[in-house]
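# Report on the structure
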Amino acid sequence: MPPSLTTNELLELDRNHLWHPYSSMLHPDTVYPVSSADGHTITLEGGERLIDGMSSWWSAIHGYNVSEINRALEEQISQFSHVMFGGLTHRPAVELARRLLELTPPLLQHIFLADSGSISIEVALKMALQYWIAVEQPAKREIAVLQGGYHGDTFATMALADPENGMHTLFHHHLTPHHFIPRPATPFNHEWDDEAITPLQNTLEQHHTTLAALILEPVVQGAGGMYFYHPQYLQRARQLCDQYQVLLIADEIATGFGRTGELFACDHASITPDILCLGKALTGGTLSLAATMTSHTIASAISEYKTGTLMHGPTFMGNPLACSAANASIDLLCSRPWQSAVKQIEQELQQGLAPCSELNSVKEVRVLGAIGVVEMHKAVDLRVIQPLLVKQGIWVRPFGSLIYLMPSYVITTEALQRLTRGVVAVISSLASE
Ligand SMILES: *Cc1c(COP(=O)(O)O)cnc(C)c1O
């Protein structure tokens, strides 16, 4: 075994050899070496303790180092870590199916356990396309999608991202063009204006004979801009999709498992999508796992068609460790009063971030469930703001013009206050420069 690295050696090797998300190999951002994470605290190798405001991108809803999830993983690891899902099955996967069936709308009966969020979206697209082939309407093979959305980084999912962003420019020769619909114009807390549905209505009216599906992130558009829109939009979208025979795919990879104040964001509008994608918080932030759920109508049509199979099957499909973590995380969520915890976080975020709306550099502060967003007028310079946030003892990772908090549901009032005060202090100090 090579001798263990000093922190400086580690950082140098990292800088020279490891890609981080959306990173440069020549001018990499500073990265901070983590030695441990527990509850709402991330500890760095130098001993600094940071209050976590990110839940590692929506996922660590119970905080870190959760004994119930650790125990489930240890028990499973002592049995087996993985077996192929082709021709074999196991209790962790079936137990997860049982839980997902219980939590989601009764219409969603069939589950594909994918290995990441992006892949679950790819599977959803395949399901929709295979369905229309199976029912002998192969002309229905185009996709409608909301602008400002984010559905992943693979080629099919990248094509669903807002065409204004850089990936479309770079890869446009390889991306399927889709029908982009302006994002819903009525924000979450405003009075519903039925005009907001007109762009979708027009697209479906004009193109329904060639449209397979509409895909959207219900209520909260995440990485595409942290925008919250009116749930009535979902109800209208559901009606229109039924009317024009277009499948509705709900991407709840970010919103699922309580983040918006409802267990699933579709619950704000009491709608059932034809296909539902879950990920991120599914395993409580421990391992990569996602699920694509669909109705018996769709699953049986695909299965009755001549090929008779859904054309997907990744190597690590239904990974038993990830499924065990998911089972433990779901049990933990259901055994706790998460709804009142999220409600309280919502109120504390509103109060704590309110001072930001007084600042000239801030465009808007918006809060929904355990998500608090400060949108700036201009994009922030990560190289300037990141060290200032760390100096406040908080882990917050802005992108573009958005500084946002999505803490775990177990964060204490005191820790949340340190998070919001830290954000207010850093934004104020930038504004006064
Ligand atoms: C993160 C995310 C994805 C992609 O999931 P990965 O696990 O990163 O592939 C897809 N859709 C939404 C809404 C997401 O937030």
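Residues numbered from 1 in each chain as written. Predicted model: local features only at pLDDT ≥ 70, side-chain atom pairs only at ≥ 80, totals over all residues. Heavy atoms only, no water.

Successive residues of a regular strand alternate their side chains across the two faces of the sheet. Two elements, strand β2 (residues 41–44) and strand β3 (residues 49–52), share three bridges in a ladder whose sense is antiparallel. The partner of Thr 41 across the bridge, within β3, is Ile 51. Count of turn residues in the β2/β3 antiparallel hairpin: four residues, of which Gly 47 carries a positive phi of about 100°. Summarising the sheet, β3 and strand β15 (residues 394–395) pair through two bridges and their orientation is parallel. Within the sheet, the bridge partner assigned to Asp 52 lies in β15 and is Trp 395. (Pairing = 2+ DSSP bridges. Helix = DSSP H or I, 4+ residues; strand = E, 2+ residues; numbered from the N terminus.)

What follows deals with the domain arrangement of the chain. Once the domains are mapped, the chain shows domain 1 (32–65 + 337–431) and domain 2 (70–335). Computed over C-alpha atoms, the centres of domain 1 and domain 2 are 27 Å apart. In this complex, domain 1 contributes 25 residues to the contact, which on the side of domain 2 involves 26 residues. In this assembly, domain 1 packs against domain 2 so that about 2300 Å² is buried in total across both faces, 66% of it on carbon and sulfur atoms. Broken down residue by residue, the surface that domain 1 buries against domain 2 is led by Trp 58, Trp 338 and Leu 368, which jointly contribute 34%. One can count zero salt bridges joining domain 1 with domain 2. Linking domain 1 with domain 2 are twelve residue pairs in polar contact (both at pLDDT 80 or more). At the level of elements, α2 (55–58), α12 (338–353), β13 (362–368), β14 (371–376) and β16 (402–405) are the ones that each hand at least two residues to the side of domain 1 that touches domain 2. Of the residues that constitute the side of domain 1 that touches domain 2, the class distribution is 18 nonpolar, six polar and one charged. (Domains from an automatic or database assignment. Contact = heavy atoms within 4.5 Å. Buried area = accessible area lost by both parts, 1.4 Å probe. Salt bridge = Lys/Arg side-chain N within 4 Å of Asp/Glu carboxyl O. Polar contact = N/O pair within 3.5 Å; in protein donor to acceptor, adjacent residues only side chain to side chain. Nonpolar A, V, L, I, M, F, W, Y, C, P; charged D, E, K, R; others polar.)

So, on to the sheet that holds β2. As summarised here, the arrangement of the four strands in space is β1-β2-β3-β15, forming an open sheet in which the pairing is mixed. Among the strands making up the open sheet, the edge pair consists of β1 (34–38) and β15. Sheet analysis places β1 next to β2, joined by four bridges and oriented antiparallel. Residue pairing across strands places Ala 37 opposite Ile 42, the latter belonging to β2.

Quick look at the nonpolar core now. Counting 97 residues, the largest nonpolar core has Leu 214 and Phe 257 as the members making the most contacts within it. For this core, the two domains that each supply at least three residues are domain 1 (32–65 + 337–431) and domain 2 (70–335). With sequence-adjacent residues up to four places away left out, Phe 257 is seen in contact with Ile 61, Leu 100, Leu 103, Leu 263, Phe 264, Leu 278, Gly 279, Ala 281, Leu 282, Ile 330, Leu 333 and Tyr 409. (Core = buried A, V, L, I, M, F, W, Y, C linked by side-chain atoms within 4.5 Å. Buried < 20%, exposed > 50% of the residue type's maximum accessible area, 1.4 Å probe, protein only.)

In spatial order, the strands read β13-β14-β16; together these three strands make up an open sheet with antiparallel pairing. Both outer strands of the open sheet, β13 and β16, are each paired with one neighbouring strand and no more. Adjacent strand axes in the sheet meet at a mean angle of 10° when their direction is disregarded. Judged from the four bridges that link them, β14 and β16 form a sheet pairing that is antiparallel. Across the sheet, residue Glu 375 finds its bridge partner in β16, namely Leu 402. Sitting on the sheet, α12 touches β13, β14 and β16, and the angle it makes with β13 is about 165°. (Axes fitted to C-alpha atoms, helices over the stretch in contact; angles between N-to-C directions.)

Applying the stated rule across the entire model yields twelve salt bridges. When the shortest N-O distance is used, the salt bridge between Asp 29 and Arg 383 registers 3.5 Å. You can see Asp 29 sitting in the loop between α1 (7–17) and β1 and its partner Arg 383 sitting in helix α13 (residues 382–391), a full 354 residues away along the chain. What makes Asp 29 partly exposed here is its relative accessible area of 28%. Its salt-bridge partner being Glu 346, residue Lys 343 comes within 2.9 Å of it at the nearest N-O pair. Here Lys 343 pairs with Glu 346, and both are found in helix α12, just three residues apart, close to one helical turn. The exposure class assigned to Lys 343 is partly exposed, which follows from its relative accessible area of 46%. A relative accessible area of 12% means that Glu 346 is categorised as buried. Sharing partners across several salt bridges, the network here consists of Glu 95, Arg 98, Arg 99 and Asp 331.

Quick look at the pairing of strand β12 (residues 290–295) now. A large share of β12 lies buried, amounting to six of its six residues. A two-sided burial pattern is seen for β12, the buried positions comprising Ala 290, Thr 292 and Thr 294 on one face and Ala 291, Met 293 and Ser 295 on the other. Across four bridges, strand β11 (residues 275–278) lies against β12 in antiparallel orientation. Paired with Ile 275 across the bridge in β12 is Thr 294.

Here the focus is the site of the ligand. The environment of the ligand is made up of Ser 116, Gly 117, Ser 118, Tyr 150, His 151, Gly 152, Glu 217, Asp 251, Ile 253, Ala 254 and Lys 280. Tyr 150 places a main-chain nitrogen or oxygen 3.5 Å from a nitrogen atom of the ligand. Within the side chain of Lys 280, one N or O atom sits 2.6 Å away from an oxygen atom of the ligand. Within the complex, 83% of the 390 Å² of free accessible area of the ligand lies under protein. (Near = heavy atom within 4 Å. Areas by Shrake-Rupley, 256 points an atom, 1.4 Å probe, with all protein chains shown as cover.)

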